[in-house]
Amino acid sequence: MKPDLMDAPTVSEQDGIRYLHFDSPWIQGAMSLKKPSALALAYTQQMMAWLLFLAPDADRKIGQLGLGAGSLARYCRKHLPNEQVVVERNPAVIQLCQHYFRLSPDSRLTVIEDEAQHWVSQPEQRESLAVLMVDLYDTQAQGPVCDSLDFYQACADSLEAPGILSVNLFGHHHSFTDNLNHLQTVFGERLLILPPLPEGNQIVLGFKGPAIRFDRRELFDRADRLATHYDLPARRWARAIGKVTAI
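Residues numbered from 1 in each chain as written. Predicted model: local features only at pLDDT ≥ 70, side-chain atom pairs only at ≥ 80, totals over all residues. Heavy atoms only, no water.

## Quick notes on unusual backbone geometry
To be explicit about the condition: Numbered from the N terminus, helices here are DSSP runs of H or I no shorter than four residues, and strands are runs of E no shorter than two. Categorising residues by exposure relies on relative accessible area from a 1.4 Å probe, with only protein chains included: less than 20% of the type maximum marks a residue as buried, more than 50% marks it as exposed, and the intermediate range marks it as partly exposed.
At the junction of Ala161 and Pro162, the peptide bond is cis and its omega measures out at 0° in the coordinates. Residue placement: Pro162 occurs in strand E8 (residues 159-170). Not every positive phi belongs to a glycine, and Asp231 is a case in point at roughly 55°. Positionally, Asp231 belongs in the loop between helix H7 (216-229) and helix H8 (234-240). Residue class for Asp231 comes out exposed when judged on its relative accessible area of 59%.

Printed below as a string of structure tokens:
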């Protein structure tokens with residue numbers, strides 16, 4: 001899609017939070033003005049739930065499809081040692097993040113202007129990522145713009161083993177079942193769905209590689225470390241893990 005035909009991003013502020021929109025009230029991203037590296041939205045916190053299962057490693061790369069307000073990129077740069085690559089199709093979003101959302105690419109963060117499915121399908125991306133976070137939504141912030149079986153297969157192919165895919169879905173959207181079916185076709189039984197958030201978001205984790213095994217004590221120990229060192233509500237995730245739906 002040509003840049004001049006893309007939806008123009010807009011910015012609003014309320015109660016110390018700066019929001020990204022696409023000429024609609026639907027929120028596409030947010031940043032706390034006092035704590036710009038914090039994750040201001042609950043679903044972005046849940047996108048980081050992969051840390052319960054896979055420790056960050058400076059030698060392994062994190063990928064992200066969809067820049068939004070740059071929340072996940074800012075958070076990962078502050079808290080994790082990994083190299084990051086973020087793919088965003090809309091150049092106006094990239095420019096807005098640089099001017100209004102305090103995101104400046106550096107030696108550990110690369111922002112690429114490209115279509116998500118095109119980028120992740122390239123041969124050079126195969127087995128290049130430890131983690132891939134997917135947050136791709138239309139202008140109404142309801143339905144994902146990339147949700148085909150081929151897309152999810154390309155996402156899985158981009159992961160090393162062990163590797164984790166973290167995807168933001170909406171449980172009440174008509175695309176939810178199709179997305180889960182495609183993810184199950186690609187990852188088999190190796191999926192976890194976190195409990196739904198009041199806003200409707202549901203984060204799905206897909207696992208690639210050898211089985212990840214842990215007992216309850218180890219899970220809570222990991223959650224304690226995440227809560228202490230990464231400012232994430234991981235204890236809540238650990239308590240809910242027994243209720244998490246496995247597809």
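Moving on, there is more to tell.
## A short note on the side chain of Asn168
As a reminder, the rule being used: Any pair of nitrogen or oxygen atoms within 3.5 Å is treated as a polar contact; in protein, a donor-acceptor pairing is required on top of that, and neighbouring residues in sequence qualify only through side-chain atoms on both sides. By the convention used here, residues are in contact when the closest approach between their heavy atoms is within 4.5 Å.
Within the fold, Asn168 resides in strand E8. Within the structure, Asn168 has its side chain in polar contact with the side chain of Asn201 (distance 3.0 Å). Those residues in contact with Asn168, other than ones at most four positions away along the chain, are Tyr43, Met47, Val134, Asp135, Tyr137, Asn201, Gln202 and Ile203.

## Regarding the side chain of Ser128
Counting through the fold element by element, Ser128 comes out in the loop between helix H4 (116-120) and strand E7 (129-134). The contacts of Ser128, once residues within four sequence positions are left out, are Lys61, Ser158 and Glu160.

## Considerations on the nonpolar core
Test applied: Take the buried residues of types Ala, Val, Leu, Ile, Met, Phe, Trp, Tyr and Cys, join any two whose side-chain atoms come within 4.5 Å, and each joined set is a nonpolar core.
Counting 33 residues, the largest nonpolar core has Met48, Trp50, Leu80, Met133, Leu205 and Leu232 as its most contacted members. Listed by contribution, the elements that provide at least two residues to this core are helix H1 (42-47), helix H2 (71-79), E7, strand E10 (201-208), H7 and H8. Those residues in contact with Met48 that sit more than four places away from it in its chain are Leu39, Leu72, Tyr75, Cys76, Leu80, Met133, Leu232 and Trp237. Formed by 30 residues, the second largest nonpolar core is a distinct cluster that contains Leu129, Phe151, Ile193 and Val204.

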